[in-house]
Amino acid sequence: MVWGEWKLLVQRYLRPHRRLVIQLAVVLFTTIGLQVATPQVVRVFIDRATSPKTRPLGWLTALYIGAVLLQQLFRVVTAWLSEVVGWLATNELRADLMAHCLGLDPAFHQTHPPGALIERIDGDLNGLSLFFAEFLLNVLGSLLLLVGVLVVVWVQTPIAGFTLTVFAAIALATLVAVRRISANSWGRSREASAELFGFLEERLAGTQDIRSSGAEAFTMRGFYARARDRLWTTSHARIVDAIPQSVNTIVAALGNAVAFVVPTLLVRRGSLTLGEAFAMYFYAQLLMQPLTSVSRQVEQLQQAIAGGRRVVALLGMQSEVVDGAGAPLPDGPLPVSLSHVTFGYGADPDVLHDVSLDVPAGRVLGIVGRTGSGKSSLARLLVRLHDPRSGVLSVGGVDIRQLTRRQLRARVTLVTQEVHVLRASVRDNLTLFDPSIDDAAIEDALARLGLGAWFAALPAGLDTVVREGGAGLSAGESQLLAFGRAFLADPSVVVLDEASSRLDPATEAVLEGAIDALLAGRTGIVIAHRLATLERCDTICVLDHGEVVEYGDRATLAADATTRFGALLRAGLDVVPG
């Protein structure tokens, strides 16, 4: 990971909290000053205690105890401030990553399962949290402590200062030389973890299908393979990481030798008093703290580097759908127009070919076609989950590429057959956490949807926590909640993509009135395979293999015996004949 990428993370997420960082630095540097000064108190105490002259020692004892207590107090404050800085910075980064992922194309989410993204958004940031909270200031503080110790020893005894400087230089150079050994290993370990969690999320979500099809053994083989990969990559990373740890042990042993041998030789030569010798021993031991601190931070640094690379790579992924500058749209229902639109997914062949349609404001277009004819692809284009390869799609007379996605989706609402019910209250599921929608509007929407009896039976009303398949919420009721969201959004254009396909006939009958109320005064595009749903449409479009093969007034097409739609009605089928 290059310095420029780290600089980006530090400036964007640490700089806003510079006041806390400054406070942390002040406390940390004060602690370092106390650590450097404390051995001098011990030196004076020992020299006076061994001197023939009797001198008061009580104030030195009190000074030493006070310095030690202050060090402990400042360490607690340092730990607290470090955690605050680390969590504030990384929580903001988590929020940005989440928002960034929500804005990426559906193709990205098809290749990155939710479990893998959770590992990247949360797991990778744990290492960065330690980096922001500890590593940055700890390494700086360790280096300052190292310099402070060497300066004091040089002033007190140049020979001892020279010896400790040589030792520190060799030890630090050795630690720096081995600090990058495990970076790539930890990166592979994080990738294996993301792959495992992504696999678990997908398989656990499909438990019923796996059990009903007898695929447990196949699923477990996949789990074992990914778990084994994670085991080996993590074990390899830890084994490689043992090299810096071994170097740390050797450095510590050499430091102890220097701390014993050098002061002893200098005392025998008469170059040091006993107090000065003890102070030097104290400093030699103190010198090991910044060196071993750097060594202890090696693993955290490697994990931060590996996680940081992946975080920056994720932030660097760009959506193919780019926001427009924004453009004014008229109030009320909006006309929708497709002019020679061609579309395909990625490098795959086109699924829509030269499609042209016009839906006047306030009118309802019905779209029918066999599976794979391009109906859902057209719906996704209308809310700009994708952009067409060629052609223009406009809403309210404005090319939707000129609008911001937020502006477009505030005026165009898509209701699909796939409904995601959040594990949250009924209120939050309907409003999607918008506090500006009051309870009266929500209850009115439920009543219009025919969910009044169901709502009355909820134990805590709108505060009842629901989830799909739980708390009395069936698949049909989940679909009805999706209609409630559309009611409350109050869009100008409503796109229904086979929104009633999950409903049984009784529930669909309840929904019929709700669909009429939702489409009233709005432009509607209804994609359906049930004929009853198409009765409210003004015009009909029949798609086949991505092409418009029939388009016109519904009543006219229904009355014409030669049309596909007319044949479909007379046969009473819910599929378009081949």
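Scroll up a little and you will see the structure.
Predicted, not measured: the structure shown is a model, and the values here were computed from it.

Draft legend 1. Molecular detail of the overall build of the protein. Within the protein one finds 20 helices and 12 strands. Looking at the protein as a whole, 47% of its 578 residues qualify as buried. A sequence separation of at least 24 residues applies to 75% of the contacts in the protein between residues at least 6 apart. When the accessible surface of the protein is split by element, carbon and sulfur atoms take 61% of a total near 27,900 Å².

Draft legend 2. Representation of the pairing of strand β2 (residues 350-359) in the model. Here strand β1 (residues 336-344) runs beside β2; their pairing, made up of six bridges, is antiparallel. Considered in β2, the bridge of Val341 is made with Val355. Once β1 ends, the chain turns through five residues before running back antiparallel as β2, passing Gly346 with a positive phi of about 55 degrees.

Draft legend 3. Main features of the side chain of Thr78. With respect to the secondary-structure elements, Thr78 resides in helix α3 (residues 58-102). Residue classification places Thr78 among the buried residues on the basis of a relative accessible area of 11%. Within the structure, the side chain of Thr78 is placed 2.7 Å from the backbone oxygen of Phe74, a separation counted as a polar contact.

Draft legend 4. The arrangement of the environment of Glu191 in detail. For Glu191, the location among the structural elements is in helix α7 (residues 183-205). Sequence-wise, Glu191 and Asp124 are 67 residues apart; in three dimensions their C-alpha atoms are separated by 9.9 Å.

Draft legend 5. Inspection of the pattern of salt bridges at higher detail. Summed over the entire model, instances satisfying the criterion amount to 13 salt bridges. When the shortest N-O distance is used, the salt bridge between Arg401 and Asp399 registers 3.3 Å. Of the residues examined, Arg401 reaches a relative accessible area of 31% and is grouped as partly exposed. The class of Asp399 is buried, set by a relative accessible area of 16%. One salt bridge in this structure joins Asp516 and Arg536, with 2.7 Å as the shortest N-O distance. Here Asp516 is found in helix α17 (residues 505-519), whereas its partner Arg536 is found in the loop between α18 (531-534) and β11 (539-544), with 20 residues between them in sequence. Residue classification places Arg536 among the buried residues on the basis of a relative accessible area of 18%. Taken together, the shared-partner salt bridges connect Arg370, Asp544 and Arg564 into one network.

Draft legend 6. How the structure looks around the side chain of Thr219. Looking at the element boundaries, Thr219 is found in helix α9 (residues 216-268). Residue class for Thr219 comes out buried when judged on its relative accessible area of 13%. Those residues in contact with Thr219, other than ones at most four positions away along the chain, are Phe199, Arg203 and Ile210.

Draft legend 7. A look at the sheet that holds β11. One open sheet accounts for six strands, arranged β6-β9-β10-β3-β11-β12; its pairing is mixed. The open sheet has two free edges, formed respectively by β6 (412-416) and β12 (547-553), since each of these has just one partner strand. Strand-to-strand twist of the sheet, defined as the mean angle between neighbouring strand axes without regard to direction, takes the value 15 degrees. Sheet topology places β6 next to strand β9 (residues 493-497); five bridges connect them, and they run parallel. Counterpart to Thr413 in the pairing with β9 is Val494.

Thresholds applied
- Residues numbered from 1 in each chain as written.
- Predicted model: local features only at pLDDT ≥ 70, side-chain atom pairs only at ≥ 80, totals over all residues.
- Heavy atoms only, no water.
- Helix = DSSP H or I, 4+ residues; strand = E, 2+ residues; numbered from the N terminus.
- Buried < 20%, exposed > 50% of the residue type's maximum accessible area, 1.4 Å probe, protein only.
- Contact = heavy atoms within 4.5 Å.
- Areas by Shrake-Rupley, 256 points an atom, 1.4 Å probe, with all protein chains shown as cover.
- Pairing = 2+ DSSP bridges.
- Polar contact = N/O pair within 3.5 Å; in protein donor to acceptor, adjacent residues only side chain to side chain.
- Salt bridge = Lys/Arg side-chain N within 4 Å of Asp/Glu carboxyl O.
- Axes fitted to C-alpha atoms, helices over the stretch in contact; angles between N-to-C directions.

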